[in-house]
Amino acid sequence: QTSEKGHFEWSAPSNIALVKYWGKKDNQIPANPSVSLTLNNCKTITSLSYTKKENTGNGFSFDLLFEGQPKEDFKPKIQKFFERIVVYLPFLKEYHFSIATQNTFPHSSGIASSASGMAALAMNLMALERVLNPEMTDSYFFQKASFLARLGSGSACRSIQGNVVVWGQHAGIAGSSDLFGVPYPNPLHEVFTDFQDTILLVDKGEKQVSSTVGHELMHGHPYADRRFVQAHENLAALIPVFESGNLEEFIKIVESEALTLHGMMMTSMPYFILMKPNTLEIINRIWKFRNATGTPVCFTLDAGANVHVLYPQKVKESVMFFIKNELIDFCQNSQYLCDEIGSGAVAL
Ligand code: PMV
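Keep in mind that this is a model prediction, so the values were computed, not measured.

Focus: the overall build of the protein chain
Secondary structure summary: the protein chain contains 8 helices and 14 strands in total. Computed over C-alpha atoms, the radius of gyration of the protein chain comes to 20 Å, within 12% of the 20 Å expected from 2.2 N^0.38 for 348 residues, which places it in the range of a compact globule. Expressed along its principal axes, the backbone C-alpha trace of the protein chain runs to roughly 70 × 45 × 40 Å. Among the 348 residues that make up the protein chain, the fraction classed as buried is 45%.

Let's talk about the pairing of strand β12 (residues 307-311)
Most of β12 is tucked away: 5 of the 5 residues are buried. Residue alternation in β12 divides its side chains into two sets, Val307, Val309 and Tyr311 and His308 and Leu310, and both sets are buried. Relative to β12, strand β10 (residues 196-200) is paired through 5 bridges, and the arrangement is antiparallel. Pairing of leucine 200 across the sheet is with valine 307, part of β12. Where strand β11 (residues 298-301) and β12 come together, 4 bridges link them in antiparallel fashion.

A look at unusual backbone geometry
Of note, the bond from glycine 162 into asparagine 163 is cis; its omega dihedral lies within 30 degrees of zero at -25°. In this fold, asparagine 163 is placed in the loop between α3 (138-152) and β8 (164-167). Look at glutamine 28: it is not a glycine, yet its phi comes out positive at around 60°. Here glutamine 28 is to be found in the loop between β2 (24-25) and β3 (29-30). In this structure glutamine 28 comes out as partly exposed when scored by C-beta crowding, with 19 C-beta atoms within 10 Å.

A few points about the site of the ligand
Near the ligand lie 13 residues; those nearest to it are Ala17, Tyr21, Gly154, Ser155 and Ser211. By residue class, the composition of the shell around the ligand is 5 nonpolar, 6 polar and 2 charged. The residue makeup of the shell around the ligand includes at least three contributed by each of domain 1 (5-188) and domain 2 (196-340).

Here's the deal with the environment of glutamate 326
Summarising the element assignment, glutamate 326 is placed in helix α8 (residues 316-327). On the basis of neighbour counts, which here come to 15 C-beta atoms within 10 Å, the residue glutamate 326 falls in the partly exposed class. Expressed as a C-alpha distance, the spacing of glutamate 326 and tyrosine 271, which sit 55 residues apart in the sequence, is 31 Å.

Quick word on the nonpolar core
Generally speaking, soluble globular proteins have nonpolar side chains that are buried together. Membership of the largest hydrophobic core comes to 95 residues, with the highest contact counts inside it found for Ala119, Ala122, Met123, Leu200 and Val309. For this core, the element with the most residues is helix α2 (residues 114-132), which contributes 11 residues. Taken domain by domain, this core gets at least three of its residues from each of domain 1 (5-188) and domain 2 (196-340). Sequence-distant contacts of methionine 123, defined by excluding residues within four places in its chain, comprise Trp10, Ala12, Ala145 and Ala345.

Considering the packing of helix α1 (residues 75-85) against α3
Contact geometry of α1 with α3 gives a least axis separation of 9 Å together with a crossing angle of 130°. Comparing the axis directions of α1 and α3 gives the class oblique. Like other packed secondary-structure pairs, α1 and α3 cross with a definite hand, here right-handed. Residue-level inspection shows Phe81, Arg84 and Ile85 of α1 in contact with α3, the latter providing Leu148, Leu151 and Gly152. For the contact of α1 with α3, the residue count by class is 4 nonpolar, 1 polar and 1 charged.

Reading the values: rules and limits
- Residues numbered from 1 in each chain as written.
- Predicted model: local features only at pLDDT ≥ 70, side-chain atom pairs only at ≥ 80, totals over all residues.
- Helix = DSSP H or I, 4+ residues; strand = E, 2+ residues; numbered from the N terminus.
- Rg over C-alpha atoms; globule rule 2.2 N^0.38 Å.
- Buried ≥ 20, exposed ≤ 12 C-beta atoms within 10 Å, placed from the backbone.
- Pairing = 2+ DSSP bridges.
- Near = placed C-beta within 6 Å.
- Nonpolar A, V, L, I, M, F, W, Y, C, P; charged D, E, K, R; others polar.
- Domains from an automatic or database assignment.
- Core = buried A, V, L, I, M, F, W, Y, C linked by C-beta atoms within 7 Å.
- Contact = placed C-beta atoms within 7 Å.
- Axes fitted to C-alpha atoms, helices over the stretch in contact; angles between N-to-C directions.
- Parallel < 35°, antiparallel > 145°, perpendicular 65-115°, else oblique.
- Left-handed = near helix turned anticlockwise from the far one by under 90°.

See the structure below:
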């Protein structure tokens, strides 16, 4: 790689929030802190080729392939991302970029690719910045990558590193910041280090509510202020749980967070129900299975109908048996994705 031209390729995973980010202030500042598990298998792989332009005009210059095909409808997103971050990466206007991107998970599976996609692009851009400023430290590199990814899509800042990441300032978490995600710095019980996330694809349709619209709905929401306080409380309550490995408490917090996220959408104006009948059917069956067997398994949800089933590796066999026997009937075309906790973005 030289400062004239070169090529990078990075993969970045998706992540699943335990305490949800829902509501933001200007400049992608979260209204409350959140914490997530970095995933391992659901990821975006993005390559970036750069060549120095002869004349540096005023605009950005890039072309884009998605899964090998030109993708015009992604271009405005990247244009907007570049406009937001050019003050932090002034070299952006000096190069022509060829970006090629693909996801390991099926397109239109209802799994958002904005977190992994923006994280993978941010890593490539930081790799170029490191060519231009080779003396930067690793911690600066990751922190700035997360900072940039946040400006692409808020939750993307939690997809740079593993395996548990906090974004948003919280009194109990040293080094936490509204500006970037940080690896969870406090003691973490080993039961969480091999956590599994089996994603049940209940509805693969287009998202009814984009997250941009969703965050907007928290402005003037009748319960917003109390919700933001609750997120702080839930994150504080997770600190001793992360240390002790108390899965009973973990499950209460995580499931309540998922239902609260949906509760916020049901009580906003306009209001939305993003769960489907099969989402509820799956939740009820998880509760029944847990009550009957004592297996530490729970669910969480994103802003959609799909269900993330979370559990430690040691109960994988019985949970997968239960999923295949009872839950896949409620998935669209019996589809599910097996993922687990992972360590973040990597150079390929
Ligand atoms: O990063 P955004 O703006 O797409 O928001 C994502 C919000 C949720 O996925 C619903 C929750 C979260 O914390 O990831």
